[in-house]
Amino acid sequence: MTSPFLEKVPFVDLSWQHEPLKADIAQAVEAVLQRGDFILGEAVAAFEAAFAAACEVEQAVGVGCGTDAIALGLTACGIGPGDEVLLPANTFVATLIGILRAGATPVLVDCHGDTALIDLTAAESAITPRTRAILPVHLYGQMVSPRGLLSLAQRHDLLIFEDAAQAHLAQREGYWAGSVGQAAAFSFYPSKNLGALGDGGMLVTQRASVAQTVKSLRNYGATRKYYHTDPTGTNSRLDTLQAAVLHLKLPHLGGWNQARNHLAQHYDNSLKPLAEYGILPLCNDSGAGHVYHLYVIRVMPNCPIDRTTLQMAVEAAGIQTGIHYPVPCHLQPAFENLGYGPGDFSQAEALSQEILSLPMYPGLTLAQIDRVVSVLRDQVMQASLSPKAV
Ligand SMILES: *Cc1c(COP(=O)(O)O)cnc(C)c1O
């Protein structure tokens, strides 16, 4: 008999998702092979229509990845050189890269420590006469408040472009992720809530003209074959094979998201006794609408064990964890020329030192969560009995 303490808990497990879909995937691939329409084939248009309907948006356009969805989407919205775009400092760098690729100027904003979502009051203070858009990131699967976004955008005449790469079918205040602003970007990186068997992305929009422009931009700037009207065109199409796989996964997404939300509730409840020791889950302000791309806790300064030591101990017990993200955008060497420095965004900086992502995927069991929590509890209790090393 194996000791439960040797049982590993992976951070994500995609085989749980793919195993039962193997026959469906083989069938979908076979259908594309039969048709031979590998580029912009019928599976792309079919998936675009299904995804747009699921998010309740007018149009969806499949592109090569989420970063391209941001870059091409912003360009299609008319955002470019000279335009300032607000975004949170604590996001995956792709958000920032997408803005730079559109030629616009990223303006970073701090976040709320309890949710890690962009602080809309701080965003409002960062507005200048050149600010054209706000690019909220629905981080870890939780949407930024649509009401807050819409009222800010209305007051300052801003375009809202959502980064929904971590929030497929998340909901808040009656809105689906991607349906709040003029346009939004999704990623189908394999470990996202809806993931391809490779790279993929989607631009969704309420405006037919934006969709039309992205369709041209993703295809060398051509309005029809060999007639090129846009010099910024590129090659960034969602693969037909990937679209076919994503389409067959889409009906399962709601159930998978629900499972993630239930698992998160179990984590939240089980972790409650550790709050007094400085282990705090990020807040869920959107109830069942939070789709928990990641389940993130904070190891607060009053915790008897520091984040790095705790992470190492948890890993040694066979539990995989992550840090999303260890360095906020403004402290990344790549973006030094934006002129930011340490101390500019105190909440984002503090979070980067405190956060720890625990295993989360549909298929994770309650027993596995109990094990993760019991390992955390043991570490914290043990540390609380001995004085903190300095
Ligand atoms: C994954 C991700 C992206 C980029 O998506 P790719 O498909 O990898 O290009 C952008 N923003 C956020 C917040 C992401 O998590």
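Residues numbered from 1 in each chain as written. Predicted model: local features only at pLDDT ≥ 70, side-chain atom pairs only at ≥ 80, totals over all residues. Heavy atoms only, no water.

Novice: I'd like a rundown of the environment of alanine 46, residues and numbers included.
Specialist: Looking at the element boundaries, alanine 46 is found in helix 3 (residues 42–55). When its relative accessible area of 33% is taken as the criterion, alanine 46 is described as partly exposed. Residues alanine 46 and alanine 244, 198 residues apart in the sequence, show an inter-C-alpha distance of 8.4 Å. (Helix = DSSP H or I, 4+ residues; strand = E, 2+ residues; numbered from the N terminus. Buried < 20%, exposed > 50% of the residue type's maximum accessible area, 1.4 Å probe, protein only.)

Novice: Explain the pattern of salt bridges to me, using residue names and the numbers behind them.
Specialist: Evaluated as defined, the whole model comprises 10 salt bridges. Of the charged contacts, one joins lysine 22 and glutamate 19 as a salt bridge, the two residues approaching to 3.5 Å between their closest N and O atoms. A relative accessible area of 48% places glutamate 19 in the partly exposed class. Of the charged contacts in the structure, one is a salt bridge between aspartate 37 and arginine 35, with a shortest N-O distance of 3.4 Å. For arginine 35, a relative accessible area of 36% puts it in the partly exposed group. Here the residues in one salt-bridge network are Arg35, Asp37 and Glu42, joined through shared partners. (Salt bridge = Lys/Arg side-chain N within 4 Å of Asp/Glu carboxyl O.)

Novice: How would you explain a nonpolar patch on the surface if you had to name every residue and give the values?
Specialist: Side chains of Leu33, Phe38, Ile39, Leu40 and Leu241 sit close together on the surface and give an oily, nonpolar patch of about 430 Å² of accessible area. You can see leucine 40 is positioned in the loop between helix 2 (22–35) and helix 3. Given the relative accessible area of 31%, leucine 40 is considered partly exposed. (Patch = residues over 30% accessible without salt bridge, like charges linked within 9 Å, V, L, I, M, F, W, Y side chains within 5 Å. Areas by Shrake-Rupley, 256 points an atom, 1.4 Å probe, with all protein chains shown as cover.)

Novice: Give me the lowdown on the domain arrangement of the protein, citing residues and values where you can.
Specialist: Its domain assignment divides the protein into domain 1 (15–249) and domain 2 (252–384). Using only C-alpha atoms to locate each centre, domain 1 and domain 2 end up separated by 25 Å. The contact between domain 1 and domain 2 buries some 3300 Å² in all, and 63% of this surface belongs to carbon and sulfur atoms. Put simply, domain 1 and domain 2 have 24 residue pairs in polar contact (both at pLDDT 80 or more) between them. Listed by contribution, the elements that provide at least two residues to the side of domain 1 that touches domain 2 are helix 1 (15–18), helix 5 (93–101), strand 3 (105–109), strand 6 (171–172) and helix 9 (240–271). The residue makeup of the side of domain 1 that touches domain 2, split by class, is 21 nonpolar, 13 polar and 5 charged. (Domains from an automatic or database assignment. Buried area = accessible area lost by both parts, 1.4 Å probe. Polar contact = N/O pair within 3.5 Å; in protein donor to acceptor, adjacent residues only side chain to side chain. Nonpolar A, V, L, I, M, F, W, Y, C, P; charged D, E, K, R; others polar.)

Novice: Can you tell me about the sheet that holds strand 12 (residues 279–281), naming the residues and giving the values?
Specialist: The 3 strands are arranged 12-13-14 in an open sheet whose pairing can be described as antiparallel. The open sheet is flanked by strand 12 and strand 14 (355–358), the only strands paired with a single partner. For this sheet, the mean inter-axis angle between neighbouring strands, taken without regard to orientation, is 35°. As defined by bridge partners, strand 13 (residues 295–299) adjoins strand 14 across 4 bridges and the pair is classed as antiparallel. Residue pairing across strands places isoleucine 297 opposite leucine 356, the latter belonging to strand 14. Lying over the sheet, helix 11 (residues 346–354) contacts strand 13 and strand 14, oriented at roughly 50° with respect to strand 14. (Pairing = 2+ DSSP bridges. Axes fitted to C-alpha atoms, helices over the stretch in contact; angles between N-to-C directions. Contact = heavy atoms within 4.5 Å.)

Novice: So, the packing of helix 2 against helix 9: which residues are in play, and what are the values?
Specialist: Put simply, helix 2 and helix 9 touch, their axes get as near as 9 Å, and they point 145° apart. Here the hand of the crossing between helix 2 and helix 9 comes out right-handed. Between helix 2 and helix 9, the contacting residues are Asp24, Ile25, Ala28, Val29 and Val32 on the first element and Thr240, Leu241, Ala244, Val245 and Leu248 on the second. Taken together, the residues of the contact of helix 2 with helix 9 sort by class into 8 nonpolar, 1 polar and 1 charged. (Left-handed = near helix turned anticlockwise from the far one by under 90°.)

Novice: Let's hear about the packing of helix 9 against helix 12 (residues 366–385): which residues, and what values?
Specialist: Interhelical geometry of helix 9 versus helix 12 gives an angle of 30° and a closest axis separation of 10 Å. Taken as axis vectors, helix 9 and helix 12 run roughly parallel relative to one another. Crossing handedness for the pair helix 9 and helix 12: right-handed. Contacts between helix 9 and helix 12 involve Leu263, His266, Tyr267, Ser270 and Leu271 from the first element and Leu366, Ile369, Asp370, Val372, Val373 and Leu376 from the second. Broken down by class, the residue content of the contact of helix 9 with helix 12 amounts to 8 nonpolar, 2 polar and 1 charged. (Parallel < 35°, antiparallel > 145°, perpendicular 65-115°, else oblique.)

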